[in-house]
Protein chains: 2
Amino acid sequence: MSKNKPLILVTNDDGITSPGIRVLVETMQEIGEVVVVAPDSPQSGMGHAITIGEVIRVNEEHLFEGVKAFSCSGTPADCVKIAKSEVLKGRKLDLVVSGINHGANTSISVLYSGTMSAAIEGAVEGIPAIGFSLCEYGWDADFSHVKKYVQIITEKVLENGLPKEIALNVNFPMKQDEPIKGIKVCRQARARWQEEFDKRNDPMGRTYYWMAGQFKNLDKGVDNDVWAIDNNYVAVVPTQFDLSAYHAVNIINEWGL
Amino acid sequence: MSKNKPLILVTNDDGITSPGIRVLVETMQEIGEVVVVAPDSPQSGMGHAITIGEVIRVNEEHLFEGVKAFSCSGTPADCVKIAKSEVLKGRKLDLVVSGINHGANTSISVLYSGTMSAAIEGAVEGIPAIGFSLCEYGWDADFSHVKKYVQIITEKVLENGLPKEIALNVNFPMKQDEPIKGIKVCRQARARWQEEFDKRNDPMGRTYYWMAGQFKNLDKGVDNDVWAIDNNYVAVVPTQFDLSAYHAVNIINEWGL
């Protein structure tokens, strides 16, 4: 392995056996030395969860030709942490990539996204990091139109680095008849999920719920990720983990607390 | 119950039996009509996780004198969602409060915090929301010095509302000989957790890990939450869920993607 090859950690939240991570591993193999540490089971919707009350297991897997790969019982954020300090034993990572997620992580979904929590964890650790998601849920999703864009964006990040404390949230439109129109760098759309819990009874007659709901786009702008996806562009949102609302500090100071 | 009493949802991430939620319920009972929907087991470190691959259970509990209370098998964010649409069946909530957490949720810990995910979920739903945390982990933590500040901050939020798309992250110092010096409205400190996984073998000889680590404060400022706590102030950070790094959009646009 050449010393000049960047060292790239690949992870995801759909689990190490997902078709999406395979596409990402294959694309990254053309760019650098790849190590995979990914959840041993699906972790969608895990947000930025970490495992602090239970133990974590890590097992070597033989799933990708010529690539060291490990499944982990923890969350996507755990995978990044344990990859860095245990699997790679402090070797310097040049890049963390997460995905390719089966399903959109645009707009407010970034809060709930395990895919993006892994990328943000990379950014917290000071490593350039990108989360990739395809706006198509199925396990048989077609990734053929996105590989080129994964390459372009990854190479630009390796070339330029990323601004401090920022990860990229990249969403791809599902495959359409026309090719993707290009890349839009944009902001997170203003939107929310309107929950509709599906209430059922189990065979013992006890009530349970499935979380369901509809995505409500509240944003009329053309500079946001939902607009980009709806118009067949790749959406790239620089995403930060400083959640301080600086503009609100003065407002609240006026309360005279 | 007077019609003028605000309707307040109380939740947390330590679970419905924690001492901290009891302090919060008792304090809120003096302010409004209280409904509790909180996890049936500890959910610390759950970040903004939601339950989408498993069912959710909700059970009425009789834990608080004169207060409707429900345990929920889901995450803190689930609790807010299901409280709103199922337990309260669309009754308008005036406030969501979460905590009082046993342990600090200052600085970068806000990302991993189940306490704050519930408050942020409230803000996403357009409800004024506050997460309260005490910087002391033990189940026997002393909350006697914080009740007054929970009241002050809650009443100010009910009186003034909160800026749009903002929740408050409130941290209290652990009890000291001197009384708390006051309240500082501030920003999230720049810091990170330096992980040190504790590697062990189980009785079958297989390896497992416990996540451990040390909090590394990288911030020399005096306008952040860690400084406030270290100096015996209550730290109030207005916290947002728009993660877009607006300042980085132009930088990345210059790459010519």
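Residues numbered from 1 in each chain as written. Chains lettered and ligands numbered in written order. Predicted model: local features only at pLDDT ≥ 70, side-chain atom pairs only at ≥ 80, totals over all residues. Heavy atoms only, no water.

Peer 1: Could you clarify how one ought to interpret the overall build of chain A in this entry?
Peer 2: Of regular secondary structure, chain A possesses six helices and 13 strands. Against the compact-globule benchmark of 18 Å for 257 residues, chain A has a radius of gyration of 19 Å, which places it among compact chains. Taken over the C-alpha atoms alone, chain A extends approximately 55 × 50 × 50 Å along its principal axes. Counting only residues that meet the buried cut, chain A has 60% of its 257 residues in that class. Across chain A, the fraction of contacts at a sequence separation of at least 24, relative to all contacts at a separation of at least 6, is 77%. For chain A, the exposed surface amounts to about 10,600 Å²; the carbon and sulfur share of it is 48%. Side-chain charges of chain A comprise 25 positive and 33 negative groups, with the mean position of each set lying 2 Å from the other. (Helix = DSSP H or I, 4+ residues; strand = E, 2+ residues; numbered from the N terminus. Rg over C-alpha atoms; globule rule 2.2 N^0.38 Å. Buried < 20%, exposed > 50% of the residue type's maximum accessible area, 1.4 Å probe, protein only. Contact = heavy atoms within 4.5 Å. Areas by Shrake-Rupley, 256 points an atom, 1.4 Å probe, with all protein chains shown as cover. Lys, Arg positive; Asp, Glu negative; His and termini not counted. Charge placed at Lys NZ, Arg CZ, Asp CG, Glu CD.)

Peer 1: What should I look at first to understand the interface of chain B and chain A in this one?
Peer 2: Bring the parts together and some accessible area is lost; that lost area is often taken as the interface size. Listed by partner, the interface residues are 75 residues for chain B and 75 residues for chain A. Each partner contributes to the roughly 7,100 Å² buried at the junction of chain B and chain A, and carbon and sulfur atoms together form 63% of this total. Contact with chain A buries surface across chain B, with L243, W255 and L257 of chain B losing the most and accounting together for 11% of the total. For K81 of chain B, the salt bridge goes to E195 of chain A, with nearest N and O atoms at 2.5 Å. Ranked by residue count, the leading element in the side of chain B that touches chain A is helix α6 (residues 246–253) of chain B, at seven residues. Of the residues that constitute the side of chain B that touches chain A, the class distribution is 41 nonpolar, 17 polar and 17 charged. (Buried area = accessible area lost by both parts, 1.4 Å probe. Salt bridge = Lys/Arg side-chain N within 4 Å of Asp/Glu carboxyl O. Nonpolar A, V, L, I, M, F, W, Y, C, P; charged D, E, K, R; others polar.)

Peer 1: What is the right way to read the relation of the copies chain B and chain A from this model?
Peer 2: For the pair of chain copies, the relating operation is a rotation around an axis with a shift along it. When chain B is brought onto chain A, the operation consists of a screw motion whose angular component is 180° and whose axial shift is 0.0 Å, with 0.0 Å RMSD remaining. Accordingly, the operation relating the two chain copies is best matched by a two-fold axis. Most of the interface of chain B is mirrored in chain A, where 100% of its interface residues again form contacts. (Least-squares fit on C-alpha atoms with pLDDT ≥ 70 in both.)

Peer 1: Looking at this structure, I do not really get helix α3 (residues 114–124) of chain A. What am I missing?
Peer 2: Since the α-helix turns once every 3.6 residues, residues separated by three or four places project in the same direction. Residues and elements named next belong to chain A. Burial analysis of α3 places 11 of its 11 residues in the buried class, which makes it a mostly covered element. Buried within α3 are the following residues: G114, T115, M116, S117, A118, A119, I120, E121, G122, A123 and V124. The distance from a side-chain oxygen at the start of α3 to the backbone nitrogen of T115 is 3.3 Å, and the residue carrying that oxygen is S113. Just past α3, the residue G126 takes up positive phi, approximately 85°. (Polar contact = N/O pair within 3.5 Å; in protein donor to acceptor, adjacent residues only side chain to side chain.)

Peer 1: Where do I start with the environment of N231 of chain A in this structure?
Peer 2: Residues and elements named next belong to chain A. Structurally, the position occupied by N231 is in the loop between α5 (225–230) and β13 (234–240). Judged by relative accessible area, N231 falls into the partly exposed class, the value being 25%. Separated by 135 residues in the primary sequence, N231 and V96 have C-alpha atoms spaced 28 Å apart.

Peer 1: Would you explain the side chain of E33 of chain A in this entry?
Peer 2: Structurally, E33 of chain A is set in strand β2 (residues 33–39). A distance of 2.9 Å separates a polar atom in the side chain of E33 of chain A from a polar atom in the side chain of R91 of chain A.

Peer 1: Quick question: what am I supposed to make of the sheet that holds strand β6 (residues 129–134) of chain A here?
Peer 2: Think of a sheet as strands paired side by side through backbone hydrogen bonds, with each pair either parallel or antiparallel. Taken in spatial order, the nine strands of this open sheet run β3-β4-β2-β1-β5-β6-β7-β13-β8 (chain A), and their pairing is mixed. Both edges of this open sheet fall to β3 (58–61) and β8 (183–185) of chain A, since each of them pairs with a single strand only. Recorded for the sheet is a direction-independent mean angle of 25° between the axes of neighbouring strands. Pairing geometry for strand β7 (residues 166–172) of chain A and β13 of chain A, over six bridges, is antiparallel. Bridged to N171 of chain A within β13 of chain A is A235 of chain A. Seen against the sheet, α3 of chain A touches β1 (7–11), β5 (95–102), β6, β7 and β13 of chain A and runs at an angle of roughly 170° to β6 of chain A. Along the sheet face, α6 of chain B touches β7, β8 and β13 of chain A and points at about 130° away from the line of β13 of chain A. (Pairing = 2+ DSSP bridges. Axes fitted to C-alpha atoms, helices over the stretch in contact; angles between N-to-C directions.)

Peer 1: Just checking my understanding: could you explain the sheet that holds strand β13 (residues 234–240) of chain B for this structure?
Peer 2: Residues and elements named next belong to chain B. Spatially, nine strands are ordered β3-β4-β2-β1-β5-β6-β7-β13-β8 in an open sheet, and the strand pairing comes out mixed. Only two strands of the sheet have a single neighbouring strand rather than two, namely β3 (58–61) and β8 (183–185). Strand-to-strand, the axes of this sheet are offset by a mean angle of 25°, without reference to chain direction. Relative to strand β2 (residues 33–39), strand β1 (residues 7–11) runs parallel, the two sharing four bridges. Paired with L9 across the bridge in β2 is V35. Lying over the sheet, helix α2 (residues 76–87) contacts β1, β2, β3, β4 (68–72) and β5 (95–102), oriented at roughly 135° with respect to β2. Packed on one face of the sheet, helix α4 (residues 147–160) meets β5, β6 (129–134), β7 (166–172), β8 and β13 and runs near 170° to β6.

Functional significance is not addressed by these values, which are geometric in nature.
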